[in-house]
Amino acid sequence: MWDCEQLLQRLQRSAFRSSFHLKQKDRDCVLRYGYAGIRRHAEDFIRKRMAPAFIPNDGKQTPMRNHPVFIAQHACACCCRSCLFRWYRIPRNVELTAQQQEDIVNLLMLWIRREMAAYSAGVDNSHGRSYVN
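Definitions and cut-offs
- Residues numbered from 1 in each chain as written.
- Predicted model: local features only at pLDDT ≥ 70, side-chain atom pairs only at ≥ 80, totals over all residues.
- Heavy atoms only, no water.
- Helix = DSSP H or I, 4+ residues; strand = E, 2+ residues; numbered from the N terminus.
- Buried < 20%, exposed > 50% of the residue type's maximum accessible area, 1.4 Å probe, protein only.
- Phe/Tyr/Trp six-rings, centres within 6.5 Å; stacked < 30°, edge-to-face > 60°.
- Lys NZ or Arg CZ within 6 Å of the ring centre and 35° of its normal.
- Axes fitted to C-alpha atoms, helices over the stretch in contact; angles between N-to-C directions.
- Parallel < 35°, antiparallel > 145°, perpendicular 65-115°, else oblique.
- Left-handed = near helix turned anticlockwise from the far one by under 90°.
- Contact = heavy atoms within 4.5 Å.
- Nonpolar A, V, L, I, M, F, W, Y, C, P; charged D, E, K, R; others polar.
- Patch = residues over 30% accessible without salt bridge, like charges linked within 9 Å, V, L, I, M, F, W, Y side chains within 5 Å.
- Areas by Shrake-Rupley, 256 points an atom, 1.4 Å probe, with all protein chains shown as cover.
- Salt bridge = Lys/Arg side-chain N within 4 Å of Asp/Glu carboxyl O.
- Lys, Arg positive; Asp, Glu negative; His and termini not counted.
- Charge placed at Lys NZ, Arg CZ, Asp CG, Glu CD.

Caption draft 1: Focus on unusual backbone geometry. Phi at R89 takes a positive value of approximately 60°, unusual for a residue other than glycine. Inspection of the secondary structure puts R89 in the loop between helix 4 (81–88) and helix 5 (98–120). By relative accessible area, which is 55% here, R89 ends up exposed. Positive phi, normally seen in glycine, also occurs at N93, with a value near 60°. Structurally, N93 is set in the loop between helix 4 and helix 5.

Structure representation (structure tokens):
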């Protein structure tokens, strides 16, 4: 099981990873579906796009916009198997275990919850430097 708090602190030290933030349409999506709905989406995305041992379009399977989970995947380096290996030493070409999938989803959901809490507290990160338009 991953220490998500420690991982998020490590990711915040990366200029690239820390540049991702939820935009208003992403926050609206979270509010529309709720955390349980977004979690189901995350589980589905990870199971279908990240868990298989061989991903033909690895490195291109996660869009850079249009869903809060996609933004979270890039912010948390869970966007492709190459990043999973680089950041978490999860081997490529091996199917993700159920525990690894759960750990990834837990990390993504914690990141999303923090983004929503920061915005609710009056911190709008969506206007700062961003690699996501």
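Anyway, onward from the coordinates.
Caption draft 2: Looking closely at the packing of aromatic side chains. Considering all chains together, one arrives at two aromatic pairs under this definition. Ring plane angle 90° and centroid distance 5.1 Å describe the contact between F16 and F20, whose orientation is recorded as edge-to-face. Looking at F16, the relative accessible area reads 32%, which means it is partly exposed. Residue F20 is classed as buried on the basis of its relative accessible area, which comes to 1%. The aromatic ring of F85 is capped on one face by R89, whose charged end is 4.8 Å from the ring centroid. Between the NZ or CZ atom of R113 and the centre of the ring of Y35, over which it lies, the distance is 3.9 Å.

Caption draft 3: Representation of the packing of helix 1 (residues 4–12) against helix 5 in the model. Across the interface, helix 1 lies against helix 5 with an axial gap of 10 Å and an inter-helix angle of 65°. Classified by the angle between their axes, helix 1 and helix 5 sit roughly perpendicular to one another. Crossing geometry of helix 1 relative to helix 5 is assigned as right-handed. In contact with C4, E5, L7 and L8 of helix 1, helix 5 contributes N106, L107, L110, W111 and R114. Among the residues forming the contact of helix 1 with helix 5, the class breakdown is six nonpolar, one polar and two charged.

Caption draft 4: Molecular detail of a positive patch on the surface. Residues R10, R13, R86, R89 and R92 make up a contiguous surface patch of positive charge. Along the chain, R10 falls in helix 1. Overall, the relative accessible area of 33% leaves R10 in the partly exposed class.

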